[in-house]
Amino acid sequence: MQPTALVELHRAAGARLVDFAGWEMPLQYGGILDEHRAVRARAGLFDLSHMGEIWVTGPDAAAGLAAALVSDPLRLATGRAHYSMICAADGGIIDDLIVYRLAEERFLVVPNAANREAVADVLRERLAGLDALLDDASLRTSLVAVQGPRAADLLAPLTDVDLGGLRYYAIAEGHAADQPALVARTGYTGEDGFEIFVEWAAALPVWQALTDAGVAHGLVPCGLGARDTLRLEAGMPLYGNELDRGTNPFEAGLGRVVKLDKPTDFVGRAALAEVAAAGPRRQLVGLTLTGRAVARHGHPVHRPQADKEIGIVTSGAPSPTLGVPIAMAYLEPADAEVGTMVEVSIRATRAEAEVVALPFYKRDRG
Amino acid sequence: MDIPAGLRYTDDHEWLRLEGDEGVVGITAYAAGELGDVVFVELPAVGTQLEKAQSFGVIESVKTASDLYTPLAGEILAVNEQLADRPELVNDQPYGDGWMIRLRIGDPAQAEGLRDADSYRSLIETA
């Protein structure tokens, strides 16, 4: 397994380490429920160094990315970011990712750890012949995230980036804990928060500084377990669960990310235009379970008292915030209306569930 | 790792406290740690007859679900109703208030065939 720069700190903090996409990552420290609640109430600290960081630079960088991705980086302002996907010609999703524009000709693409090499390979192919350079800096870059309502107060004294002026989905260059850093107001928890990109070894002083400053704010280190329950409550998809090579963005409810009308032709355009016109054949929905048993990835979904499978659960977990088990599932459009009652096969029994709108949780922006 | 001396243990990480011809069953601190935060314990009805090593329920944590197996054959006399509202008792007090079922044991002598604390310790140390 590939360790991050912080693995010894995680061990010392009592983390349970697991193999995630070939990386040795903390699953949890003190317990997933406590970590999840800490992020919702105060702040959590995450080592996300397994994520990819791919730089695309040059005069054709914007146009090249516009042709490679479903979004329109040509329209992305400097200092801003957007969520996107890279699709195959048949419209199937190769990865979901975030694109940050650092300058007119300088983009940072952040793919999932498991898809980093595939995304780099496909981008290289799609940028071939263009005046653009691709640099996969993932193994030289660490990523530390602080997420939660206290994140801004906690980070502000440690950075020269003006957090008050940093909007959601914006990025700025500066320093964090005196280390050169990119500070982005992005995250995967549904809370306010920041993702801090630094040189590999600089993760140590950044993590330590945040940990020390965090004591006064009730900051706790959080692992991949809490990362998953947080993003599920926030209705955010996970590649490998809701998104995969056989799924298109429209099925996942992410049609708004696909800019069919952008001037640049892009890989997957024709196939995705057809899906948009005809409507997707299945739809991602939220489910809240009536009982206590937890629906999980792969559990089939049925109409009440009926044998036929009408869909499948893609992710499921107990929701610490809602106090009930929640899940995401693909259902046929006819069954996907909010309020529809369904049954999930969990082991030998049927568990009643209700189709609900996503997200399950929205933070208070008051 | 907490492995109380007076209990018997199975290879599936259940413990048994023998009280005459009755026994109390739960899961070990090791098992609770491996599971993580417990969110739900599905227990059987009082009166259920179990064979040795038969599954008597399911324990769900945030990340996973596992079957629970009875160390010995017997009839369920009681189940721990506290676990319905406080499943975290399994993590906090796996040998105390986190107990799961109380059985009338058909043949208490069979408990001799279960692991003692030292044997269970070797099992988990080589895990």
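All values derive from a computational prediction rather than experimental measurement.

S.K.: Sorry if this is basic, but what is going on with the interface of chain B and chain A here?
M.R.: Interface size, as often reported, equals the accessible area lost upon joining of the parts. With 10 residues of chain B in contact, the opposing surface of chain A contributes 12 residues. When contributions to the side of chain B that touches chain A are tallied by element, the ones reaching two or more residues are strand 4 (38–42) and strand 6 (55–61) of chain B. When residues of the side of chain B that touches chain A are assigned to their parent elements, the largest contribution, 3 residues, is made by strand 4 of chain B. Among the residues forming the side of chain B that touches chain A, the class breakdown is 5 nonpolar, 1 polar and 4 charged.

S.K.: Just checking my understanding: could you explain the sheet that holds strand 5 (residues 54–57) of chain A for this structure?
M.R.: The strands making up a sheet are joined through hydrogen bonds of the backbone, oriented either antiparallel or parallel. All names here are of chain A. Strand order in the open sheet made by the 5 strands is 6-7-8-5-9, with antiparallel pairing throughout. If you trace the sheet from one side to the other, it starts and ends with strand 6 (81–87) and strand 9 (133–136), each paired once. Looking at each pair of strands side by side, their axes are set apart by 30° on average, direction ignored. As judged from the 4 bridges shared by strand 5 and strand 8 (residues 106–110), these two strands associate in the antiparallel manner. From the neighbouring strand, Trp55 faces strand 8, where its bridge partner is Leu108. Relative to the sheet, helix 3 (residues 61–68) contacts strand 5, strand 6, strand 7 (93–103) and strand 8, its axis offset from that of strand 5 by approximately 120°.

S.K.: What's the story with the domain arrangement of chain A in this structure? I'm lost.
M.R.: All names here are of chain A. With domains assigned, chain A is organised as domain 1 (2–50 + 139–233), domain 2 (54–136 + 248–280) and domain 3 (282–366). Tallying the contact residues gives 10 residues for domain 1 and 10 residues for domain 3. Put simply, the parts of the chain that give the side of domain 1 that touches domain 3 at least two residues each are helix 2 (32–41) and helix 7 (224–233). Classifying every residue of the side of domain 1 that touches domain 3 by side-chain character gives 2 nonpolar, 3 polar and 5 charged.

Parameters at a glance
Residues numbered from 1 in each chain as written. Chains lettered and ligands numbered in written order. Predicted model: local features only at pLDDT ≥ 70, side-chain atom pairs only at ≥ 80, totals over all residues. Contact = placed C-beta atoms within 7 Å. Helix = DSSP H or I, 4+ residues; strand = E, 2+ residues; numbered from the N terminus. Nonpolar A, V, L, I, M, F, W, Y, C, P; charged D, E, K, R; others polar. Pairing = 2+ DSSP bridges. Axes fitted to C-alpha atoms, helices over the stretch in contact; angles between N-to-C directions. Domains from an automatic or database assignment.

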